[in-house]
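Overview (structure and organization)
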Amino acid sequence: SRAAQVNASEWLATVICSQVSVRRSRRGYRVSRWVGDAFAVLSRCEHEVIVAYTEYRHMFNAHVGHGPLSEHGLGFYHSFILLELEGASLWICIEKFNDALELIFGEGELFPLYMRVFRASGDEPPESSL
C-alpha cells in the first residue's frame, strides 16, 4: 500500500548503514569502508546465527553526572551493541544516535577494535568507558 511505502522510505531515511573490512597487511592494517543500503548489507548475513553480543558504553560528558550514581556505574551514557555472527569473523554493530539507527556490518577479527573508534557515519564517538 502507499502508506507502507511512505513508512518504509521514512524508516530508511533514518538508517545509516556501512560495511567495514579490517585486515592485516604487510604495512600494517587495511580498512575498507562502504556506505550501503540496510537491506542489501543485512541480506549478506540473513542466514547467520548470532552467537554472542557485547554492550559498549560511551559517557555523554565527562564533566556531567559525577556523584553517587556515576561512582556505581550508573551515570549518563550512550550504549551500542556488537553482535558476533557464527562464521568467519562476521559482526554487526547496532547504535541509535541522533534519531537515526546506525548499522555497521563488519568483517575481520580486528573489526571489534574498529567499531569502538568509529561509528557507521565514520565519525569518532566519545571515549569508551567499557
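That block above? That's the structure.
The present account deals with the structure reproduced in this document.

Rules used in this analysis
Residues numbered from 1 in each chain as written. Predicted model: local features only at pLDDT ≥ 70, side-chain atom pairs only at ≥ 80, totals over all residues. Heavy atoms only, no water. Helix = DSSP H or I, 4+ residues; strand = E, 2+ residues; numbered from the N terminus. Buried < 20%, exposed > 50% of the residue type's maximum accessible area, 1.4 Å probe, protein only. Contact = heavy atoms within 4.5 Å. Salt bridge = Lys/Arg side-chain N within 4 Å of Asp/Glu carboxyl O. Phe/Tyr/Trp six-rings, centres within 6.5 Å; stacked < 30°, edge-to-face > 60°. Pairing = 2+ DSSP bridges.

The secondary structure content of the protein chain amounts to four helices and six strands. Along the chain direction, N to C, the helices and strands of the protein chain fall in the order α-β-β-α-β-α-β-β-β-α. Burial status across the protein chain gives 32% buried among its 130 residues. In the protein chain, of all internal contacts separated by at least 6 residues, the share reaching a separation of at least 24 is 48%.

This part covers the pattern of salt bridges. Summed over all chains, the structure comprises one salt bridge. Glu 109 serves as the salt-bridge partner of Arg 24, at 3.8 Å between the closest nitrogen and oxygen. Taken together, the positions of Arg 24 in strand E1 (residues 15–25) and Glu 109 in the loop between strand E6 (100–107) and helix H4 (111–115) put the pair 85 residues apart, joining distant regions of the chain. Residue Arg 24 shares its accessibility class with Glu 109, and that shared class is exposed.

Once that is clear, we can look at the environment of Arg 57. In this structure, Arg 57 sits in strand E3 (residues 50–59). Look at Arg 57 and you get partly exposed, because its relative accessible area is 30%. Distance in space between the C-alpha atoms of Arg 57 and Phe 80 is 6.6 Å, their sequence separation being 23 residues.

A word on the packing of aromatic side chains. Taken as a whole, this structure holds three aromatic pairs when the rule is applied. The interplanar angle of 25 degrees and the centroid separation of 6.2 Å between the aromatic rings of Phe 111 and Tyr 114 together place this pair among those described as stacked. You can see Phe 111 and its partner Tyr 114 sitting in helix H4, three residues apart, about one turn around the helix. Judged by centre distance (5.1 Å) and plane angle (35 degrees), the rings of Tyr 114 and Phe 118 are tilted. Taking relative accessible area as the criterion, Tyr 114 reaches 9% and is therefore assigned buried. The class of Phe 118 is partly exposed, set by a relative accessible area of 26%.

Mapping Gln 19 onto the fold places it in strand E1. A relative accessible area of 17% means that Gln 19 is categorised as buried. Here Gln 19 is in contact with Ser 32, Arg 33, Trp 34, Val 41, Arg 44 and Phe 105, once residues within four sequence places are set aside.

Of note, Glu 95 is situated in strand E5 (residues 90–97). Its relative accessible area of 6% is what places Glu 95 among the buried residues. The contact partners of Glu 95, leaving out residues within four places of it in the chain, are His 78, Phe 80, Ala 100, Leu 101, Glu 102 and Arg 119.

Our next topic: the pairing of E6. Among the eight residues in E6, seven count as buried, and that is most of the element. Examined bridge by bridge, E1 and E6 share seven bridges and lie parallel to one another. Paired with Val 20 across the bridge in E6 is Gly 106. In this sheet, E6 lies alongside E5 in antiparallel orientation, the contact comprising eight bridges. The partner of Lys 96 across the bridge, within E6, is Leu 101.

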